[in-house]
Amino acid sequence: MSQESFVIDLRALARDGRRLEGEVPVSRLGRVAESVLEPAGTVAFGFQGERDGEGKLHVDLWIRGSLVLQCQRCLEALQWPCEVENRLLLLRPGEAPPEDELENDAEDALEVEPLTDLLALVEDEVLLALPLVPRHDDCDPPVKAGVDEEISPFAVLRQLRGKV
Ligand SMILES: [Zn+2]
């Protein structure tokens, strides 16, 4: 697998209305890899730039993948379909978002430096999308010890953190 760089001038991509797509192993997304049960599989993503009629720069992004999380009920592996779609308004560093943008839930404002690491952006978006308490639709808790606290999500989180 090549270590292709995804550090690009995002503003230029938006200005030119270009599209960029890629795919990386989950293991290359450091913070995501630490948050899942197993850093297996790949994550595909795409960025489509757009310059609107007022000259504002936008990027539509999508992310698709299947991540291995830990079910918080049975503690077994759970395949979680990651599907993210977001629209970003690109701002220069220090530029204040336009007022109407603050009320616009459909779009997030993002300050971009001259060069943006798209993989870091993908990581941020995936981390935001991760379910707080992933669970299979239908499963049973492991052998009941009588004390529910022992399998609380917080206990599992502590356990997960201990592994990092
Ligand atoms: Zn389960």
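Described below are features of the structure shown in this document. The model shown is predicted, which means the values in this text are computed figures rather than measured ones.

**Quick look at the overall build of the protein chain**
Regarding its fold elements, the protein chain presents five helices and seven strands. Walking the protein chain from its N terminus toward its C terminus, one meets helices and strands in the order β-α-β-α-β-β-β-α-β-β-α-α. Scored against the burial criterion, the 164 residues of the protein chain give a buried share of 38%. In the protein chain, the proportion of contacts linking residues at least 24 apart, taken out of those at least 6 apart, comes to 58%.

**Looking at the coordination of the zinc ion**
Surrounding the zinc ion are the protein donor atoms Cys71 (SG), Cys74 (SG), His136 (ND1) and Cys139 (SG), which sit 2.0 to 2.3 Å from the metal. Considering all four donor atoms around the zinc ion, the spread of angles at the metal, 103 to 119 degrees, places the coordination shape in the tetrahedral class. Expressed as a motif, the donor residue spacing for the zinc ion is C-x2-C-x61-H-x2-C. Taken together, the residues Cys71 in the loop between β4 (57–70) and β5 (77–91) and Cys139 in the loop between α4 (118–129) and α5 (153–163) connect sequence positions 68 residues apart. Across the pair, exposure class does not vary: Cys71 and Cys139 are buried alike.

**Things to note about unusual backbone geometry**
Positioned with a positive phi, Leu75 is a non-glycine residue whose angle comes to about 70 degrees. Checked against the element boundaries, Leu75 lands in the loop between β4 and β5. Classification of Leu75 as partly exposed rests on a relative accessible area of 25%.

**Considering the nonpolar core**
Leu10, Phe45, Phe47, Ile63 and Leu67 are the most contacted members of the largest nonpolar core, which has 36 residues in total. For this core, the elements supplying multiple residues, two or more each, are α1 (10–15), β2 (19–25), β3 (42–51), β4, β5 and α4. Look past the residues within four positions of Leu67 in its chain and what remains in contact with it is Val26, Val32, Val36, Val43, Leu78, Gln79, Trp80, Cys82, Val126 and Leu130.

**Overview of the pattern of salt bridges**
Scanning the entire structure with this criterion turns up nine salt bridges. Across the salt bridge formed by Asp16 and Arg18, the nearest N and O atoms sit 3.6 Å from each other. Judged by its relative accessible area of 40%, Arg18 is partly exposed. Put simply, Lys56 and Glu54 hold a salt bridge, and the shortest N to O gap is 3.7 Å.

**Some words on the packing of aromatic side chains**
Scanning the entire structure with this criterion turns up two aromatic pairs. Their ring planes at 80 degrees and their centres at 5.2 Å tell us that Phe6 and Phe45 sit as a pair that is edge-to-face. Taken together, the residues Phe6 in the segment before β1 (7–8) and Phe45 in strand β3 connect sequence positions 39 residues apart. The exposure class of Phe45 is buried, given its relative accessible area of 0%. Aromatic side chains Phe45 and Phe47 sit 5.9 Å apart centroid to centroid with 70 degrees between the ring planes, which places their arrangement in the edge-to-face category. The same class applies to Phe45 as to Phe47, namely buried.

**What to know about the sheet that holds β3**
Strand order in the open sheet made by the five strands is β2-β3-β4-β5-β6, with mixed pairing throughout. Every interior strand has two partners, whereas the edge strands, β2 and β6 (108–111), have only one. Adjacent strand axes in the sheet meet at a mean angle of 30 degrees, parallel and antiparallel pairs treated alike. Direction of pairing for β3 relative to β4: antiparallel, over a ladder of nine bridges. Its bridge partner lying in β4, Ala44 is registered against Arg64. On the sheet, α4 packs against β2, β3, β4, β5 and β6 and is oriented at approximately 120 degrees with respect to β5.

About the criteria used
- Residues numbered from 1 in each chain as written.
- Predicted model: local features only at pLDDT ≥ 70, side-chain atom pairs only at ≥ 80, totals over all residues.
- Heavy atoms only, no water.
- Helix = DSSP H or I, 4+ residues; strand = E, 2+ residues; numbered from the N terminus.
- Buried < 20%, exposed > 50% of the residue type's maximum accessible area, 1.4 Å probe, protein only.
- Contact = heavy atoms within 4.5 Å.
- Donors = N, O, S within 2.8 Å, 3.2 Å for Na, K, Ca; no water.
- Tetrahedral: all angles 85-135°; square planar, octahedral: opposite > 155°, others 65-115°.
- Core = buried A, V, L, I, M, F, W, Y, C linked by side-chain atoms within 4.5 Å.
- Salt bridge = Lys/Arg side-chain N within 4 Å of Asp/Glu carboxyl O.
- Phe/Tyr/Trp six-rings, centres within 6.5 Å; stacked < 30°, edge-to-face > 60°.
- Pairing = 2+ DSSP bridges.
- Axes fitted to C-alpha atoms, helices over the stretch in contact; angles between N-to-C directions.

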